[in-house]
Amino acid sequence: MKPNIKACGQAMATALVNAVLAVALMLLVEFAISGSFQVPEPYLWAGLLIWLVIFAGQFWRQRHLCKSCEPTRESHDPSHGKSTL
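Residues numbered from 1 in each chain as written. Predicted model: local features only at pLDDT ≥ 70, side-chain atom pairs only at ≥ 80, totals over all residues. Heavy atoms only, no water.

Further remarks concern a nonpolar patch on the surface. Residues Leu25, Leu28, Val29 and Ile33 make up a contiguous nonpolar surface patch of about 430 Å² in total accessible area. Structurally, Leu25 can be placed in helix α1 (residues 2-34). (Patch = residues over 30% accessible without salt bridge, like charges linked within 9 Å, V, L, I, M, F, W, Y side chains within 5 Å. Areas by Shrake-Rupley, 256 points an atom, 1.4 Å probe, with all protein chains shown as cover. Salt bridge = Lys/Arg side-chain N within 4 Å of Asp/Glu carboxyl O. Helix = DSSP H or I, 4+ residues; strand = E, 2+ residues; numbered from the N terminus.)

If you want it as structure tokens, here you go:
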């Protein structure tokens, strides 16, 4: 359970940073084109969608990385695999 929580936290932080940067870039381009600094509703929906997609991908990646780094019991147990005869 702990690797899932760690993966979720890391994925959430990464997704949030990327979504905020994407929305900021969209607003900057909107300001450059129109000259007004208004936040259109589709930009917020796009930011939410970006967050969701990045969160899903990062959660899957982080969970996989966390699980692959966990040591297995069999590899550290000296009684397995060696015969003392």
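What follows concerns the environment of Ala19. For Ala19, the position within the fold is in helix α1. Spatially, the C-alpha atom of Ala19 lies 9.7 Å from that of Phe55, the residues being 36 residues apart in sequence. Filtering out sequence-adjacent residues up to four positions away, Ala19 remains in contact with Gly47, Ile50 and Trp51. (Contact = heavy atoms within 4.5 Å.)

Here the focus is the packing of aromatic side chains. Counted under the stated rule, the structure contains 2 aromatic pairs. Summarising the aromatic geometry, the rings of Trp51 and Phe55 are spaced 5.1 Å apart at their centres and angled 5° between planes, so their arrangement reads as stacked. One end of the pair is Trp51 and the other is Phe55, both in helix α2 (residues 41-69) and 4 residues apart, which spans about a single turn. On the basis of relative accessibility, which here comes to 22%, the residue Trp51 falls in the partly exposed class. Relative to Phe59, the ring of Phe55 lies with its centre 5.9 Å away and its plane at 20°, an arrangement referred to as stacked. With Phe55 and Phe59 both in helix α2 and 4 residues apart, the pair spans about one turn of that helix. Owing to a relative accessible area of 22%, Phe59 belongs among the partly exposed residues under this scheme. (Phe/Tyr/Trp six-rings, centres within 6.5 Å; stacked < 30°, edge-to-face > 60°. Buried < 20%, exposed > 50% of the residue type's maximum accessible area, 1.4 Å probe, protein only.)

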